[in-house]
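# Analysis of the macromolecular model
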Number of protein chains: 2
Amino acid sequence: MSSQVRKTPLVIVALVALNVILFAALVLNRADTSVSVGQASVGLDRGVGASSETVYRWKLVTTWPKRFPGLGLAPENFAEMVKEMSAGRLLIHVHGANEVVPALGVFGAVSSGSVEMGHSAAYYWKGRIPAAPFFTAVPFGMNVQELNSWLHYGGGLELWREIYEPFNLIPFAGGNTGVQMGGWFNKEINSIEDIRGLKMRIPGFGGDVFTRAGGTAVNIPGGELYTSLQSGVIDATEWVGPYNDLAFGFHQIAQYYYYPGWHEPGPTLEFIVNKDAYNSLPKDLQKIIEVATRAINQDMLDEYTARNNSALVELVEVHNVDVRRFPDDVNATFKSISQELYLELAAQDPTFKRVYQSYQSFLDGVRKYHSISEEAYYQMR
Amino acid sequence: MSSQVRKTPLVIVALVALNVILFAALVLNRADTSVSVGQASVGLDRGVGASSETVYRWKLVTTWPKRFPGLGLAPENFAEMVKEMSAGRLLIHVHGANEVVPALGVFGAVSSGSVEMGHSAAYYWKGRIPAAPFFTAVPFGMNVQELNSWLHYGGGLELWREIYEPFNLIPFAGGNTGVQMGGWFNKEINSIEDIRGLKMRIPGFGGDVFTRAGGTAVNIPGGELYTSLQSGVIDATEWVGPYNDLAFGFHQIAQYYYYPGWHEPGPTLEFIVNKDAYNSLPKDLQKIIEVATRAINQDMLDEYTARNNSALVELVEVHNVDVRRFPDDVNATFKSISQELYLELAAQDPTFKRVYQSYQSFLDGVRKYHSISEEAYYQMR
């Protein structure tokens, strides 16, 4: 392990840091932890061109280590776009996880107004908002093209805003990885029988489904993931996709790389803005934030698509990774369990039900169109 | 025909107008026609907030009728975004085709500086730049997710800028429809034999491929398309996809709706900016243009995805449209002919060759990743 790990020490350190933070937050149930920081917006008289205008200085907290590949670059690119478009009138400082608040303290910190903005993912808040994962990704749900369309032309964003309103938050879609991978396994999966008794690190609804299918979904801090998989404490782990997985080095210790990522078929990240902070801005800066989030929402996908692509080539051609498709009966079981889960949660929570109905109705329609357009094209080209 | 047409007269009129314009431009070989208009940027002292800044007034010419669904809404949305982000310092007036220049006069008009911006599609300029279609869509090429990634993280945009530089133009990706439909047919296609002798309205590389496969690709002005198909002058026509096709009313006169759109698997539209006009702007307004084009590039896809989806439901469930897949041997023939065509063109034109190599190399890699991610997910969900 050690020699290979030395090749990518900073990435490993960052990943470990991220996961320690995430795990700690989960274990301690402190997802809403926020520490109070000073109000960061200060009005300054400053010359911009020939004019004198207020300069706003904001803090943006994230769930990712500073400049984490993909996820962590997006908020940095966002802040740079905003700075340039505003001619320096809105300066947003991006903080990595734990610099100002813990990784999963983002929601609480922005909600309270102790910082103005955050970059994270809605599904981390499912403990307080059961419907939140629909705005990120759910097992057997929409892919990135579909989710973007539901959000912006299918009523999804309006629902998201309504649900975050009581928390004094305005959400914006903030990037996407595309369909993720199914994970790294040290046992061959030939049928659903092979899931029974399998220990896998898989969070969220995906973990719930995995457990109902007979497996054991566990939370392992990222810092222990590599050794846990290597020593057999766990049999499998999911992570993201080739771009982030190659850097982590899982190919050195896992036998099989399964696809597709049924549990995360195109997760949308989120930008959240404190409503009072947003309302304090002039209209042009509000619009600059909105349009920049939209540009970043696509830019992150463009980055992941290019880098997943080249990383997969390296995994297969240089590292001889054994890439395998989940068997049909495994997919079918995961799928039927997912649908049962949504119906159960809809019966328990009226807001979940309303979001689920909007989401599922859009998905039912767009799936038909995509079966004869995007999907058919993939098959025949 | 008349009773149904009365249901959507404005759309039909717009479509007819678009196609008359396009056809006239093609026939007259006046793709680069531009009429001289006055320089539209004028500096005005105007109060913006507490400041006094220059207001730039630009003209943006398009290949589409004013506010044409999808394609024509994108530049309007762009202009509104720019106006709001710039607090009214950059006001862009959008002109429909033929208001200032003909539909295919966009490139020439922006190149000459008679107007500052245009919204069109690169493949219209293949007469003067054989490689231009790679920046829009080519048969059996990249889909929208892949093309966006190649442009922004694979070197595509740099090539596009280099190729447009001698024309004093800066291009930006400016929207996408996703995979289009294969077209409306009045003859059943059961094998490649059925293509022989078939008369179809299909432009661009798709038309070249269709002709080499034994068919007859024809250019019919949009104003005559409906009656030509109805009377049997042509056997088939392609258009866009359900959202635009439903409005046109093809389902009233064609028997079969074939998929997928092998000839246009996700065309990217373009914004082009005159380089001198761009350089005359302060940096913040330059960035506002760049970021707004990026946001619109995604927004148009979101719109098409939602509206193609609901239009397909209407076509199938209300109008009982017979939706069919092209047979495998037809696809295979079109594909091999497409590849021959690219190799021939690459041998004739060094720039084509360079762009083709960059494009094909990216496609070869991303296709592998998408076969186990996006495509595999479509198949198993």
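Preceding this section is the structure that the text describes.
A few points on the structure. The structure presented is a predicted model; accordingly, all values stated were derived computationally and were not measured.

## Quick look at the sheet that holds strand S9 (residues 216-218) of chain A
Residues and elements named next belong to chain A. With respect to topology, six strands assemble into an open sheet ordered S9-S8-S10-S7-S11-S13, the strand pairing being mixed. Each of the sheet's edge strands pairs with one partner strand only, and the pair in question is S9 and strand S13 (322-325). In this structure, strand S8 (residues 199-201) lies alongside strand S10 (residues 236-237), joined through two bridges in parallel fashion. By the bridge assignment for S10, Met200 is matched with Ala236.

## Here's the deal with the packing of helix H5 (residues 144-153) of chain B against helix H13 (residues 350-372) of chain B
Residue and element names in this part refer to chain B. Between H5 and H13, the least distance of the axes is 10 Å, while the angle of their chain directions is 130°. Compared by their axis directions, H5 and H13 come out oblique. Considering only the axes of H5 and H13, their crossing is right-handed. In contact with Gln145, Glu146, Leu147, Ser149 and Trp150 of H5, H13 contributes Val355, Ser358, Tyr359, Phe362, Leu363, Val366 and His370. A breakdown of the residues in the contact of H5 with H13 according to their chemical character gives seven nonpolar, four polar and one charged.

## A word on helix H3 (residues 73-85) of chain A
Residues and elements named next belong to chain A. Its 13 residues give H3 an end-to-end C-alpha distance of 18 Å, which sits within 8% of 18 Å, the value for a rise of 1.5 Å per residue. For H3, every residue scored as buried is listed here: Leu73, Ala74, Pro75, Glu76, Phe78, Ala79, Met81, Val82 and Met85. Where H3 ends, the next residue or the one after it, Ala87, has phi of about 50°, a positive value.

## Observations concerning the sheet that holds strand S6 (residues 169-176) of chain B
Hydrogen bonds between backbone groups are what pair the strands of a sheet, and the pairing can be parallel or antiparallel. Residues and elements named next belong to chain B. With mixed pairing, five strands are arranged side by side in an open sheet as S4-S3-S5-S12-S6. Only two strands of the sheet have a single neighbouring strand rather than two, namely strand S4 (90-95) and S6. The sheet shows a mean angle of 25° between the axes of neighbouring strands, taken without regard to direction. Two elements, strand S5 (residues 117-120) and strand S12 (residues 268-274), share four bridges in a ladder whose sense is antiparallel. Pairing of His119 across the sheet is with Phe271, part of S12.

## Focus: the relation of the copies chain B and chain A
Relative to chain A, chain B is turned by 180° and slid 0.0 Å along the rotation axis, the superposed coordinates differing by an RMSD of 0.0 Å. On this basis, the relationship between the two copies can be described by a two-fold rotation axis. Mapped onto chain A, 100% of the interface residues of chain B again fall at the interface, so both copies present the same surface.

## Topic: the side chain of A:Gln145
Mapped onto the secondary structure, A:Gln145 falls in helix H5 (residues 144-153). The class of A:Gln145 is buried, set by a relative accessible area of 11%. Of the polar contacts made by the side chain of A:Gln145, one reaches the side chain of A:Glu374; its length is 3.4 Å. Setting aside residues up to four positions removed in sequence, A:Gln145 forms contacts with A:His370, A:Glu374, B:Val144, B:Leu301 and B:Thr305.

## Notes on the interface of chain B and chain A
By a widespread convention, an interface's size corresponds to the accessible area lost as its parts come together. Tallying the contact residues gives 71 residues for chain B and 72 residues for chain A. Overall, the association of chain B and chain A removes approximately 6600 Å² of surface from exposure, summing both partners, and the carbon and sulfur fraction of that is 59%. Our enumeration of links across chain B and chain A arrives at 10 salt bridges. Where chain B touches chain A, the interface holds 37 residue pairs in polar contact (both at pLDDT 80 or more). When contributions to the side of chain B that touches chain A are tallied by element, the ones reaching two or more residues are strand S2 (51-54), helix H3 (73-85), H5, helix H11 (283-317), strand S13 (322-325), helix H12 (328-348), H13 and helix H14 (374-380) of chain B. Counting residues per element, the side of chain B that touches chain A draws most heavily on H11(B), at 20 residues. Its residues assigned to classes, the side of chain B that touches chain A shows 33 nonpolar, 20 polar and 18 charged.

## Things to note about the pairing of strand S3 (residues 56-62) of chain A
S3(A) sits mainly inside the fold: five of its seven residues count as buried. For the segment spanning S3(A), H3(A) and strand S4 (residues 90-95) of chain A, crossover handedness is right-handed.

## Things to note about the environment of B:Ala173
All names here are of chain B. Mapping Ala173 onto the fold places it in strand S6. Exposure remark for Ala173: the relative accessible area of 5% places this residue in the buried category. Remark: the alpha-carbon pair of Ala173 and Val291, spanning 118 residues in sequence, is separated by 11 Å. Non-local contacts of Ala173, meaning those with residues more than four positions away in its chain, are made with Leu151, His152, Trp160, Thr268, Leu269, Phe271, Thr293 and Asn297.

## Re the pairing of strand S11 (residues 256-259) of chain A
Residue and element names in this part refer to chain A. Burial along S11 is two-sided: Tyr256 and Tyr258 facing one way and Tyr257 and Tyr259 facing the other are all buried. The sheet contact formed by strand S7 (residues 183-185) and S11 spans three bridges and is antiparallel. Bridged to Phe185 within S11 is Tyr256.

## Thoughts on the pattern of salt bridges
Think of it this way: side chains of opposite charge can pair up when their charged atoms draw near. In total, this model carries 40 salt bridges over all chains according to the counting rule given. With its nearest N and O atoms 2.8 Å apart, the salt bridge here joins A:Arg196 to A:Glu193. On the basis of relative accessible area, A:Arg196 is assigned to the partly exposed category, the value being 45%. Its salt-bridge partner being B:Lys187, residue B:Asp235 comes within 3.7 Å of it at the nearest N-O pair. With B:Asp235 in the loop between helix H8 (222-231) and strand S10 (236-237) and B:Lys187 in the loop between strand S7 (183-185) and strand S8 (199-201), the pair connects residues that are 48 residues apart, well separated along the chain. Judged by its relative accessible area of 12%, B:Asp235 is buried. Salt bridges sharing common partners tie together A:Lys66, A:Arg67 and A:Glu76.

## Quick look at the side chain of B:Glu146
Within the element layout of this structure, B:Glu146 appears in helix H5. Of the residues examined, B:Glu146 reaches a relative accessible area of 0% and is grouped as buried. A distance of 3.0 Å separates the side chain of B:Glu146 from the backbone nitrogen of B:Asn143, its partner in a polar contact. Sequence-distant contacts of B:Glu146, defined by excluding residues within four places in its chain, comprise A:Tyr378, A:Arg381, B:Phe362, B:Leu363, B:Val366 and B:His370.

The rules behind each value
Residues numbered from 1 in each chain as written. Chains lettered and ligands numbered in written order. Predicted model: local features only at pLDDT ≥ 70, side-chain atom pairs only at ≥ 80, totals over all residues. Heavy atoms only, no water. Pairing = 2+ DSSP bridges. Helix = DSSP H or I, 4+ residues; strand = E, 2+ residues; numbered from the N terminus. Axes fitted to C-alpha atoms, helices over the stretch in contact; angles between N-to-C directions. Parallel < 35°, antiparallel > 145°, perpendicular 65-115°, else oblique. Left-handed = near helix turned anticlockwise from the far one by under 90°. Contact = heavy atoms within 4.5 Å. Nonpolar A, V, L, I, M, F, W, Y, C, P; charged D, E, K, R; others polar. Expected span 1.5 Å × (residues − 1). Buried < 20%, exposed > 50% of the residue type's maximum accessible area, 1.4 Å probe, protein only. Least-squares fit on C-alpha atoms with pLDDT ≥ 70 in both. Polar contact = N/O pair within 3.5 Å; in protein donor to acceptor, adjacent residues only side chain to side chain. Buried area = accessible area lost by both parts, 1.4 Å probe. Salt bridge = Lys/Arg side-chain N within 4 Å of Asp/Glu carboxyl O. Right-handed = clockwise from strand over helix to strand, strands pointing away.

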